[in-house]
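Survey of secondary and tertiary structure
Here is what each chain is made of, one letter per residue.
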Amino acid sequence: MKKINHEDFKVSKAIELSKIPTTFDLDEKENKIENELEEVREKLGKLQDTLYAHGKYAVLVCLQGMDTAGKDSLIREVFKDFNTRGIIVHSFKVPTPLELGHDYLWRHYIALPQRGKFGVFNRTHYENVLVTRVHPEYIMGENIPHINSTEDINDAFWDQRFEQIRNFEKHISENGTLIYKFYLHLSKEEQKNRLLRRLEKKEKNWKFSAGDLKERKLWDQYQLCYQDAINRTSLSHAPWYVIPADNKPAARYIVAKTLYDTLKEYDDIQEPELDTKTKANLDLYKQELENE
């Protein structure tokens, strides 16, 4: 199978999404890709155990993408071998009245993983510069001072919001959270195929919403908003990775391999050693138990 380099998917300079492929040929059959994924996610699971024991870093995995990009199934397949005590998944929906009573980052801040754990945001704080940018009328529900109509939501407003997001990520990064942001780059044609499957297969009907078709009509606007968000916020401490998502097994493997290859570079993540007194008396403790 073709070897991958996570740097090839990392955004380190300005990009144009329209020029980035939505497919990546791993030069292997699907079942072989799935076998490789199994091996990587097993290693990730062991690494997560060590991270938990070490207790000094948290890992935040942010997933964004258009409807049907494969976020839910990716979470299921990539993190299948994790100990459930070490990972928490949050799927952010339309803000509740309680959440709207706070600033827009509040609900994301309180959902952050504690040190030693992985947190996965299925849709993220970036919805606040994506869906609200395509639908600025949603901002009115936030009841922000000096925003009295959508006419007040100008370029300066978005500049400020991007700065707030960058500051948020800088703050949590400086306090021990390792941030990974993955954009699942889906083609419009593949989205059409996946929506059709939801309509054609009875067991998938529940996934379909008429709203998906309304949002699909705004595809080009969303692409420009994603592109701008990625370009403005892909930084060394919080990089974006653009993952070709037309092939689900390939996308899952690339995400898992990226996480594992980059996390294992943190050679300070080690299981803590026993204190000198406990280590010196291990045989004594063992003998005590055996003589019960």
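For the structure itself, consult the block above.
Treat the numbers as computed from the prediction; the structure is a model and nothing was measured. (Residues numbered from 1 in each chain as written. Predicted model: local features only at pLDDT ≥ 70, side-chain atom pairs only at ≥ 80, totals over all residues. Heavy atoms only, no water.)

Structural notes on the nonpolar core
The nonpolar side chains of soluble globular proteins are, as a tendency, buried together. In terms of nonpolar packing, the biggest core is built from 40 residues, with V61, F79, F118, F182 and I243 touching the most fellow members. Mapped onto this core, the elements with two or more residues apiece are α1 (30-54), β1 (58-65), α2 (71-78), β3 (118-122), β4 (177-185), β5 (240-244) and α10 (248-263). A per-element tally of this core places α10 first, with nine residues. Ignoring any residue separated from it by four or fewer positions in sequence, one finds F118 in contact with Q48, L51, V59, V61, F79, F82, G86, I87, I88, P113 and L263. (Core = buried A, V, L, I, M, F, W, Y, C linked by side-chain atoms within 4.5 Å. Buried < 20%, exposed > 50% of the residue type's maximum accessible area, 1.4 Å probe, protein only. Helix = DSSP H or I, 4+ residues; strand = E, 2+ residues; numbered from the N terminus. Contact = heavy atoms within 4.5 Å.)

So, α1
The terminal C-alpha atoms of α1 lie 36 Å apart, and with 25 residues this matches the ideal 36 Å at 1.5 Å per residue to within 8%. Those residues of α1 that sit buried are I33, E36, L37, V40, R41, L44, G45, L47, Q48, T50, L51 and H54. The inward-facing, buried residues of α1 abut β1, α2, β3 and α10. Immediately beyond the C-terminal end of α1, within one or two residues, lies G55, with a positive phi of roughly 70 degrees. (Expected span 1.5 Å × (residues − 1).)

Section: the sheet that holds β5
Judged by pairing direction, the sheet is parallel, and its five strands sit side by side in the order β2-β3-β1-β4-β5 without closing on themselves. The open sheet has two free edges, formed respectively by β2 (87-91) and β5, since each of these has just one partner strand. When the angles between neighbouring strand axes are averaged without regard to direction, this sheet yields 20 degrees. Pairing of β2 with β3 involves five bridges; the strand directions are parallel. Note on β3: the bridge partner recorded for H90 is F121. Where helix α6 (residues 155-174) meets the sheet, its contacts fall on β1 and β4, and the angle it forms with β4 comes to roughly 135 degrees. (Pairing = 2+ DSSP bridges. Axes fitted to C-alpha atoms, helices over the stretch in contact; angles between N-to-C directions.)

Purely geometric stuff here, so don't read any function into it on its own.
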